[in-house]
Amino acid sequence: MVVRRRARAVLLPLGLYAVSILVVGYFLHEAESGSRGLEAKRALKIQAYNLQQELDATKADRGEWERRVALLRSDQIDRDLLEERARVVLGRVHPNDVVIINP
């Protein structure tokens, strides 16, 4: 009987420590690599950075197009821009232009 009491007195705390260590280990593992863990946070930061870069490029492109449209809509149309668009639309070239055809 004394052996069982002593074994129970030793094994019960060891079992509780083992279970608590396993639970803490599980939560630490989930905090690192879970769907809402640190790795997911890093991936979301990278994705947000890439999207921000794409947004900045798109804003710059839109600003350029808005500037070009403003030149076409103003009271005095920019002649160079108008001539460029007319050549593209009509498929014509100026007599002084050099045309290089790639085979």
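Keep in mind that this is a model prediction, so the values were computed, not measured.

Let's shift gears to the domain arrangement of the protein chain. Splitting the protein chain by domain gives domain 1 (1-34) and domain 2 (36-91). For domain 1 versus domain 2, the separation of C-alpha centres amounts to 60 Å. On the side of domain 2, 6 residues touch domain 1, which itself brings 5 residues to the contact. Both sides of the domain 1 and domain 2 interface together cover about 360 Å² of buried area, and 37% of this is carbon and sulfur. Inspection of the domain 1/domain 2 interface yields 1 salt bridge. The shortest N-O distance in the salt bridge between Arg42 and Glu32 comes to 3.8 Å. Remark: the boundary between domain 1 and domain 2 carries 5 residue pairs in polar contact (both at pLDDT 80 or more). Partitioning the side of domain 1 that touches domain 2 into residue classes produces 1 nonpolar, 2 polar and 2 charged.

With that settled, the discussion passes to the packing of aromatic side chains. Counted under the stated rule, the structure contains 1 aromatic pair. Arranged with centres 5.4 Å apart and planes meeting at 65°, the rings of Tyr26 and Phe27 form a pair that is edge-to-face. We classify Phe27 as exposed; its relative accessible area is 55%. Here Arg68 stacks its cationic end above the ring of Trp65, 5.4 Å away from the centre of that ring.

Since one α-helical turn is 3.6 residues long, residues separated by three or four positions face the same way. With 12 residues, helix H3 (residues 79-90) extends 16 Å between its outermost C-alpha atoms, agreeing within 8% with the 16 Å of an ideal straight helix rising 1.5 Å per residue. Downstream of H3 by a residue or two, Gly91 has a phi angle that is positive, lying close to 70°.

Once that is clear, we can look at a nonpolar patch on the surface. A surface patch of nonpolar side chains, amounting to about 550 Å² of accessible area, comprises Val10, Leu11, Leu14, Tyr17 and Ile21. Positionally, Tyr17 belongs in helix H1 (residues 2-33). Classification of Tyr17 by relative accessible area gives exposed; the value is 55%.

This part takes up the pattern of salt bridges. Using the criterion set out here, one finds 5 salt bridges in the structure. For the salt bridge of Glu66 with Arg62, the shortest nitrogen-to-oxygen distance reads 2.8 Å. Taken together, the residues Glu66 and Arg62, both in helix H2 (residues 38-73) and 4 residues apart, mark about one turn of the helix. For Glu66, a relative accessible area of 45% corresponds to the partly exposed category. We classify Arg62 as exposed; its relative accessible area is 56%.

What counts, and where the lines are drawn
Residues numbered from 1 in each chain as written. Predicted model: local features only at pLDDT ≥ 70, side-chain atom pairs only at ≥ 80, totals over all residues. Heavy atoms only, no water. Domains from an automatic or database assignment. Contact = heavy atoms within 4.5 Å. Buried area = accessible area lost by both parts, 1.4 Å probe. Salt bridge = Lys/Arg side-chain N within 4 Å of Asp/Glu carboxyl O. Polar contact = N/O pair within 3.5 Å; in protein donor to acceptor, adjacent residues only side chain to side chain. Nonpolar A, V, L, I, M, F, W, Y, C, P; charged D, E, K, R; others polar. Phe/Tyr/Trp six-rings, centres within 6.5 Å; stacked < 30°, edge-to-face > 60°. Buried < 20%, exposed > 50% of the residue type's maximum accessible area, 1.4 Å probe, protein only. Lys NZ or Arg CZ within 6 Å of the ring centre and 35° of its normal. Helix = DSSP H or I, 4+ residues; strand = E, 2+ residues; numbered from the N terminus. Expected span 1.5 Å × (residues − 1). Patch = residues over 30% accessible without salt bridge, like charges linked within 9 Å, V, L, I, M, F, W, Y side chains within 5 Å. Areas by Shrake-Rupley, 256 points an atom, 1.4 Å probe, with all protein chains shown as cover.

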